[in-house]
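# Secondary and tertiary structure notes
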Amino acid sequence: MKNIIINGDMSIAQRGTSTSSITSNGYYTVDRLQTVASSLGTWTQSQSTDVPTGQGFATSLKMDCTTADASPSASDELRIRQNVEGQNLQYLKKGTANAESLTLSFWVKSNKTGTYIAELMDNDNSNRHIGNAYTISSADTWEKKTITFAGDTTGAFSNDNGASLAVSFWLGAGSTYTSGTLQTSWGSLAQANRAVGQVNLADSTANEWYVTGVQLEAGTTASDFEFLPVDVNLARCQRYFQFMGTVASCSIASGMSQNSTQSVFTVHYITNMRSAPTHAATDLNITDNVNYGPAVTSVTSTNAGTSTSRLIVAHASDATALRGAFLRSSSTASTSRLTLDSEL
């Protein structure tokens, strides 16, 4: 696959299609796209159906300002970021004389015209970074942008499952990130040089920003966007995040009740994950075929790996000790789930 970015067409949104009141870092809607937010406005993020006409895209990521901040403090920032595993980047030959250039292409739309910054950061080598500006020229109009970054002959990416490369779209920044000269060639981290010239998307509640068709590839030219079958794209996203249990009263895992308020289950993941995930339960219960519905109050993973884990589940009383049991979704399928998270 030529595209380094996963889910660049914004088609997978396992966590949901809209989240409001965003003021801090997190993964909210579209898979693999992390919001980096620090005290710069309040936002609603959604998976939108507003897309460039005739390009084959069905969805985009939308950021909508709901509380403005027209005067950012020095350390305020807002970015959309994807982190990339180093083992997926070895062919770029970073840190050698043959380091490959990278070309970033994407479709973008906003009512807020002006200069925006796209940035690459090498997390393995003291956060070396390079940035480039692009301009949104026409308000409320889809525009395709292409940016080429030179190859970096200093510092190889680690050959592991860690976050080696960060790809960021800046949407706003305080003077900590804007008071220098934009770093348009690879260099040591200088915070003041990261987002010079960046407009402040947070300066009005009328502001929106959309993006889709994000592709990062080796070389100096942008090729057509690499569309993938939905099953392939979903499986790639599930390496980092997946969930089970949104069908009402559906069995998620089998195991045994240890006593009336605790059971143990083995969970088999949908696909192998990047690393042993963290687990979280919402609106689950257990059944031992005699007692139905003791509500789950907490889950703790032990012996977790990249394909299975053992869950210690605390729940309301009523289970029968040493009886076979199932961990299941409740009758409220829309909220019931077990989530597994190994995001970078």
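I will try to describe carefully the structure that is included in this document. (Residues numbered from 1 in each chain as written. Predicted model: local features only at pLDDT ≥ 70, side-chain atom pairs only at ≥ 80, totals over all residues. Heavy atoms only, no water.)

## Remarks on the overall build of the chain
Regarding its fold elements, the chain presents 2 helices and 21 strands. Computed over the C-alpha atoms, the radius of gyration of the chain is 22 Å, within 12% of the 20 Å expected from 2.2 N^0.38 for a compact globule of 344 residues. In terms of its C-alpha atoms, the chain occupies a principal-axis envelope of roughly 65 × 45 × 40 Å. The 344 residues of the chain split such that 52% are buried. Accessible surface, the chain: about 13300 Å² in total, of which carbon and sulfur atoms supply 46%. Here the chain contributes 21 positively and 27 negatively charged side chains, and the mean placements of these two sets differ by 3 Å. (Helix = DSSP H or I, 4+ residues; strand = E, 2+ residues; numbered from the N terminus. Rg over C-alpha atoms; globule rule 2.2 N^0.38 Å. Buried < 20%, exposed > 50% of the residue type's maximum accessible area, 1.4 Å probe, protein only. Areas by Shrake-Rupley, 256 points an atom, 1.4 Å probe, with all protein chains shown as cover. Lys, Arg positive; Asp, Glu negative; His and termini not counted. Charge placed at Lys NZ, Arg CZ, Asp CG, Glu CD.)

## Considerations on the sheet that holds strand 3 (residues 34-38)
Taken in spatial order, the 6 strands of this open sheet run 2-3-6-11-8-9, and their pairing is antiparallel. Because the sheet does not close on itself, it has two edges, and the strands there are strand 2 (26-27) and strand 9 (128-136). Bridge analysis of strand 2 against strand 3 gives 2 bridges, and the strand direction is antiparallel. By the bridge assignment for strand 3, Y27 is matched with Q34. (Pairing = 2+ DSSP bridges.)

## Some points on unusual backbone geometry
Across residues other than glycine, the phi torsion is negative in most instances, and most of the peptide bonds are trans. Phi at S126 takes a positive value of approximately 55 degrees, unusual for a residue other than glycine. In this structure, S126 sits in the loop between strand 8 (114-122) and strand 9. On the accessibility criterion, S126 (64% relative accessible area) is exposed. Phi angles above zero are rare outside glycine, and D318 is one such case at about 125 degrees. Position of D318 among the secondary structure elements: in the loop between strand 19 (308-315) and strand 20 (323-329). A relative accessible area of 51% places D318 in the exposed class.

## Thoughts on the packing of aromatic side chains
Evaluation of the coordinates by the stated rule reveals 9 aromatic pairs. Taken together, a centroid distance of 5.0 Å and an interplanar angle of 75 degrees make the contact between F106 and Y134 edge-to-face. Taken together, the residues F106 in strand 7 (residues 102-110) and Y134 in strand 9 connect sequence positions 28 residues apart. Plain terms: the ring middles of F106 and F169 are 4.9 Å apart, the flat faces sit at 80 degrees to each other, and that makes the pair edge-to-face. (Phe/Tyr/Trp six-rings, centres within 6.5 Å; stacked < 30°, edge-to-face > 60°.)

## Re the pattern of salt bridges
All chains considered together, the criterion is met by 14 salt bridges. The partner of E208 in a salt bridge is K62, and the shortest N-O contact between them spans 3.5 Å. Of the two residues, E208 is situated in strand 12 (residues 208-218) and K62 in strand 5 (residues 60-67); the sequence distance between them amounts to 146 residues. In this structure, R194 and E119 form a salt bridge, with 2.9 Å as the shortest nitrogen-oxygen distance. Of this pair, R194 sits in the loop between helix 1 (175-178) and strand 12 while E119 sits in strand 8; the two residues are 75 residues apart in sequence, bridging distant segments of the chain. Members of the salt-bridge network, linked through shared partners, are K94, D122, R128 and D152. (Salt bridge = Lys/Arg side-chain N within 4 Å of Asp/Glu carboxyl O.)

## Observations regarding the pairing of strand 10 (residues 143-149)
Side chains E143, K145, I147 and F149 project from strand 10 onto a buried face, and the interleaved K144, T146 and T148 project onto a face without burial. As paired elements, strand 7 and strand 10 share 7 bridges and run antiparallel to each other. Bridging across to strand 10, T103 finds its partner in T148.

## Some points on the nonpolar core
F106, L120, Y134, W209 and L216 are the most contacted members of the largest nonpolar core, which has 43 residues in total. Elements with a contribution of two residues or more to this core: strand 5, strand 6 (77-85), strand 7, strand 8, strand 9, strand 10, strand 11 (163-173) and strand 12. The residues touching L120, leaving out its near neighbours within four places in the chain, are L102, R128, H129, I130, F149, L165, A166, V167, W186 and L216. Core analysis: the next-biggest nonpolar cluster, separate from the first, contains 18 residues, M244, V267, I286 and V313 among them. (Core = buried A, V, L, I, M, F, W, Y, C linked by side-chain atoms within 4.5 Å. Contact = heavy atoms within 4.5 Å.)

## Description of the side chain of T42
Along the chain, the position of T42 falls in strand 4 (residues 42-48). For T42, the residues in contact, after removing those within four places along its chain, are S21, I22, T23, D64, C65, T66 and T67.

## Some thoughts on the environment of A70
Looking at where A70 falls in the secondary structure, it is placed in the loop between strand 5 and strand 6. Of the residues examined, A70 reaches a relative accessible area of 55% and is grouped as exposed. Spatially, the C-alpha atoms of A70 and S204 are 7.0 Å apart, while their sequence positions differ by 134 residues. Dropping the residues within four chain positions of it, A70 is found in contact with N200, A202 and D203.

## Here we look at the sheet that holds strand 4
The strands making up a sheet are joined through hydrogen bonds of the backbone, oriented either antiparallel or parallel. Taken in spatial order, the 6 strands line up as 1-4-5-12-7-10 in an open sheet, and their pairing is antiparallel. Since the sheet does not close on itself, it has two edges, and those belong to strand 1 (18-22) and strand 10, each with one partner. Mean inter-strand twist for the sheet, computed between neighbouring axes without regard to direction, equals 25 degrees. (Axes fitted to C-alpha atoms, helices over the stretch in contact; angles between N-to-C directions.)

## Quick word on helix 2 (residues 230-238)
Those residues of helix 2 not exposed but buried are N233, C237 and Q238. Within helix 2, the buried residues cover an arc of 135 degrees as seen down the axis, which keeps them to one side. The inward-facing, buried residues of helix 2 abut strand 13 (241-244). (Arc of directions from axis to C-beta.)

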